[in-house]
Amino acid sequence: MARYALRFAALGYLAILLVLPVSLVFWRTFEHGLSAPWHAVTTHDARHAFWLTILIALVAVPANTIFGVALAIAIVRHRFPGKGLVNAIVDLPLALSPVVVGFALLLLYGRLGWFGPWLERHGIHVIFALPGMILATIFVSLPFVVREVVPVLREIGTEQEQAAATLGASGFATFRRVTLPAIRWAVAYGVVLTTARCLGEFGAVSVVSGHLAGKTETATLFVQDSFESFDVTGAYAASVVLALIAIATLVAMNAFRPKEETR
Amino acid sequence: MATRVVALPVPRAAPGGRALVHGLATLYLSLIVLLPLAALLSRSRVEGGHGFWEAVSGREAVSAVKLTLVASLIVALVNAVAGTALAWVLVRDRFVGQGLVNALIDLPFALPTIVAGLTLLALYGPRSSVDVNLAYTRAGVVLALLFVTLPFVVRTVQPTLIELDREMEDAAASLGAGSFATFRRIVLPNIVPAVLSGVALAFARAIGEFGSVVLISGNLPFKTEVASVFIYGQIQSSNPTGAAAISVLLLGISLAVLLAIGGIRRYASRHDL
Amino acid sequence: MRRISGRYSAAVAAAVATAIALIPQATAATSSRAGGSISLVAYSTPKEAYGQIISAFQKTKAGQGVSFQQSYAGSTEQAQAVVNGLHADVVALSLEPDITTLVKAGLVKPSWSKDRWHGIVTRSVVVFVLRNGNPKHIRDWEDLVKPGVQVVTPNPLTSGGARWNVMAAYGAMIRKGKTHKQAVAYLKKLFQHTVSQDKSAREALQTFLTGRGDVLLSYENEAILAQRKNQPVYYLIPKATIRIENPVAVTSNASDPAAARAFVAFLHTPTAQTIYGDNGYRPVDPKVIRQFNYPVRPWLFTIQRFGGWAKVQKQFFDPKTGIVTKIEEGLGH
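We now turn to the structure provided with this report.

Reading guide: rules and limits
- The written sequence of each chain sets the order in which its residues are numbered from 1.
- Lettering for chains starts from A, numbering for ligands starts from 1, and both go in the order in which the items are written.
- This being a predicted model, a pLDDT of at least 70 is required before a residue's local features are given, and a value of 80 or more before pairs of side-chain atoms are given or counted; all residues contribute to the totals for chains, interfaces and linings.
- Hydrogens are left out, water is left out, and the side-chain values use all remaining heavy atoms of the structure.
- Here is the rule: rings of Phe, Tyr and Trp (six-membered ring for Trp) pair when centre to centre is within 6.5 Å. Planes less than 30 degrees apart are stacked, more than 60 are edge-to-face, and the remainder are tilted.
- Secondary structure elements follow DSSP: runs of H or I of four or more residues count as helices, runs of E of two or more count as strands, with numbering from the N terminus.
- Categorising residues by exposure relies on relative accessible area from a 1.4 Å probe, with only protein chains included: less than 20% of the type maximum marks a residue as buried, more than 50% marks it as exposed, and the intermediate range marks it as partly exposed.
- Whether a charge lies above a ring is judged from NZ of Lys or CZ of Arg, which has to be within 6 Å of the ring centre and within 35 degrees of the ring normal.
- Criterion for a salt bridge: a side-chain nitrogen of Lys or Arg within 4 Å of a carboxyl oxygen of Asp or Glu.
- Computed over the protein atoms alone on a 1 Å grid, cavities are sets of points where a 1.4 Å probe fits but cannot get out and pockets are open sets with protein on both sides within 12 Å along at least five of seven lines; a residue lines them when it has an atom within 4 Å of a point.
- Grid points are joined across faces, edges and corners, and a volume is the space filled by probe spheres set on the points.
- Between any two strands, at least two bridges found by DSSP are needed for them to pair.
- Note on handedness: a clockwise path from strand one over the helix to strand two, with the strands aimed away from the viewer, defines a right-handed crossover.
- Whether two residues touch is decided by their heavy atoms; if any such pair falls within 4.5 Å, the residues are in contact.
- We define a nonpolar core as any set of buried Ala, Val, Leu, Ile, Met, Phe, Trp, Tyr and Cys residues linked to one another through side-chain atoms lying within 4.5 Å.
- By buried area we mean how much accessible surface two parts lose on assembly, using a 1.4 Å probe and totalling the loss over both.
- Counting of polar contacts relies on pairs of N or O atoms within 3.5 Å, with two restrictions inside protein: one atom must be capable of donating a hydrogen and the other of accepting it, and residues adjacent in sequence are counted only when both atoms are side-chain atoms.

## Re the packing of aromatic side chains
All names here are of chain C.
Working step 1: Per the stated rule, a full pass over the model turns up 20 aromatic pairs over all chains.
Working step 2: An angle of 75° between the planes, with centres 5.1 Å apart, marks the rings of Phe57 and Phe263 as edge-to-face. Within this pair, whereas Phe57 is found in helix 2 (residues 47-58), its partner Phe263 is found in helix 9 (residues 257-267), the two being separated by 206 residues in sequence.
Working step 3: Judged by relative accessible area, Phe57 falls into the buried class, the value being 1%.
Working step 4: Ring pairing ties together the aromatic residues Tyr170, Phe301, Phe306, Phe316 and Phe317, which thus form one cluster.
Working step 5: Above the face of the Phe317 ring, Arg163 is positioned so that its terminal group lies 5.9 Å from the ring centre.

## As for the pattern of salt bridges
Residue and element names in this part refer to chain C.
Working step 1: In the structure shown here, the tally under the stated rule is 19 salt bridges over all chains.
Working step 2: Note that Lys136 is salt-bridged to Asp214, the shortest N-O span being 3.0 Å. Here Lys136, found in the loop between strand 4 (120-131) and strand 5 (151-152), pairs with Asp214, found in the loop between helix 7 (201-209) and strand 7 (215-219); they are 78 residues apart in sequence, far enough to count as distant.
Working step 3: Of the residues examined, Lys136 reaches a relative accessible area of 33% and is grouped as partly exposed.
Working step 4: A relative accessible area of 17% means that Asp214 is categorised as buried.

## Some remarks on empty space enclosed by the protein
Working step 1: Overall, the coordinates contain 11 cavities of 30 Å³ or more when judged by the stated rule.
Working step 2: Considering only enclosed or pocket space, the largest cavity measures out at about 210 Å³ in volume.
Working step 3: For the largest cavity, the lining is made up of 20 residues, of which Glu225, Val229 and Gly233 of chain B together with Asn155 and Lys199 of chain C are closest to its centre.
Working step 4: It is helix 11 (residues 227-236) of chain B that provides the largest number of residues to the lining of the largest cavity, a total of five residues.

## Regarding the pairing of strand 2 (residues 67-72) of chain C
On a regular strand, each side chain points to the face opposite its neighbour's, so the side chains alternate between the two faces of the sheet.
All names here are of chain C.
Working step 1: With six bridges joining them, strand 1 (residues 37-42) and strand 2 adopt parallel strand pairing. Note that in strand 2 the partner of Ile38 across the bridge is Phe68.
Working step 2: The parallel pair strand 1 and strand 2 is bridged by helix 2, and the resulting crossover is right-handed.

## A short note on the environment of Ala42 of chain C
Residue and element names in this part refer to chain C.
Working step 1: With respect to the secondary-structure elements, Ala42 resides in strand 1.
Working step 2: Under the relative-accessibility criterion, Ala42 is labelled buried at 0%.
Working step 3: Sequence separation between Ala42 and Gly74 is 32 residues; the distance between their C-alpha atoms is 8.2 Å.
Working step 4: When residues no more than four places from it in sequence are discounted, the contact partners of Ala42 are Ser71, Tyr72, Ala73, Gln78, Ala92 and Leu93.

## Concerning the nonpolar core
Working step 1: If you look at the biggest cluster of nonpolar residues, it comprises 199 residues, and the most contacted ones within it are Phe147 of chain B together with Val91 of chain C.
Working step 2: The element contributing the most residues to this core is helix 3 (residues 44-77) of chain A, with 18 residues.
Working step 3: Membership of the second largest hydrophobic core comes to 71 residues, among which are Phe57, Phe68, Ile138 and Leu187 of chain C.

## A look at the interface of chain B and chain A
Working step 1: Every contact between the two is made by 86 residues of chain B and, on the other side, 85 residues of chain A.
Working step 2: Around 7400 Å² of area is buried between chain B and chain A when both sides are counted, 77% of it from carbon and sulfur atoms.
Working step 3: For chain B, the biggest contributors to the area lost against chain A are Tyr28, Phe109 and Leu118 of chain B; these three give 9% of the whole.
Working step 4: Our enumeration of links across chain B and chain A arrives at three salt bridges.
Working step 5: One salt bridge in this structure joins Asp106 of chain B and Arg257 of chain A, with 2.9 Å as the shortest N-O distance.
Working step 6: Run the count over chain B and chain A and you get eight residue pairs in polar contact (both at pLDDT 80 or more).

Here is the structure:
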């Protein structure tokens, strides 16, 4: 009896918090047919917004994957002063509000920031342009690959790597042939999480974007700007596209989830 | 046949290669994370301790931070209960569609926060289909935070529950203990570190949340304005010192919470939980 | 195994190459194309108007081949963004103090307002936007502080529109013979009745349209836009109200000053002024405004009456000592 009550309560919570609101947005978007939402997401501004989001992810995800693996190896396998600090810094983006991230970048690369004058003299635009948004997105999505790879590296231990070294393999060859295959599913899962975080970033890019219509508006900013310009159809339609991408992410997450977390 | 043990020299990774990996990784980390952090800390101290204090003790700032902390605490507690319940239902129960439900738990993570805010506004805002209007209310803030923090406790408790040895529970049951007593005395102590870990993550996430709150809360100063929205306003109205001070305050709180997680994890692993 | 690292390197190379290829295009504020390019940074409401004006400009000789980048957000927010590095060739803001911010930052020359138009490109008035039927029978400023009336107005710290609203309210009291102290007391009561503090005039309109509040203080042009978008509201202009004047300026670091100046000059031509008029703004060109029938209010006053924005900005809106700042803090609970 308690089992059914608990099940009902837990699933009910999920329904009113999650399932119903999301379903309603789908319903309202397609209530009057497919053509209105379709037109809303295929305008020039909308298409550019989605393209910009993807472009940012195309830079941020590989960067965080490569350096994430490097950081994970450094943290687990190598000994160096300040290792604990590095570990904490990697987790920092999870503790920081995205608005603060954007603000910090403003303080660095804005016209009045630390590098402002230098950047201006050389005609380089970071804030209110693509590089700033990429930096913000890299910042907020940094931890995921590292956090997924570190426990796996710890778990598999160094036996195989040491064996490879004994057999004469160089550091890089060991990495390529022993370490990498062992961590590849952790990396895959981390990549999925990183990608999801990149595509969904809003707060940080909101601060550094400059609202340049058709230029520095990502998909998420497009949702907000549409909503505020009375374009509810556009906002909902773009939200549905983002929600579909999120659902695809869920599928990928489910496929690559580390085995300890599933039954 | 006798085997000869040959001592081969064990080649280590070329020191140059290791240094390169370290160097690049550290450079990356510094450029991406440390440098902005340094700029933030520096800006908050530009007007000295007095300026910092003035910024964080301003009435609107205090109101925003208070609302943020209280709402996040409420959300953390609700998640402790609801998250554990969901984890239990997903691990110990069996029903049709369980896999789907399990996958759905991650939706708040995968969904952009602004879209989350929009979906909540659709159902619980002024054009609600169920006549519930939480826009411009503190309840709306809590609702948005509950949405985005849903996965945290569930995902930290699940693995623990899975690994839990059921012998003790079975023993307790065979001795006549009711299911709730069993839960309270046997299961709970074992999952507390995981619950606390998830709660800490949820709290840290909630105090910085922006995108989902910004639509439904209405951002009324002194009423429904959370810290992140306040910071945004300070940035936009050319008060970077104020923005930096509150940012550093929030960061300090988050770090304290993260350190607590680290402590809990170490405690748990030391006691082999 | 060799394949994995190959794939990695290829992916990295592709990403980096894409990034390098696209970054210049995304960041280049200037274009070496023959037409020139203009980055227009404007406040939140004239998006539709400028869309049409830009198209018209591009059909003229001076505007042929000129490409535009446009950004719209709260007036003060935009001024701050430009100070922080948002590249702008032309700034079109809601009120003079936001341009003054840019002058102080060295981004706009102090002589920006020394033309025959004093730098102003459109006018408007502060109006009451009301729900159809006006259930609370709001007709004048005193009605806004009747018990139970909820007022929507943006945040004076980030929205130019909000400051126009405040000065309209204050000025109306003065015009009706109240003393400065009484007028400030009225402002205090007005803020007590305020139920929202959006970042911009456009967002405040959004809020009002979701059903919040009984009356919205806004620009006349926003009210007209809402009606045109078939929103269930109408507006009335109180007898005593302020003349809103919206400035435009070319920045001192414009990447193509000639094109920027040509565009600003175009804004004063009858073509552009008519487009403004069609979008609910009051043209500054006296010939053009006659084609529209914008009501003239008997007790219309300007900001000059209170010493101009330089004085008013400090007296009322200074973030530490301003009258409105103190009122807002006093209301905090």
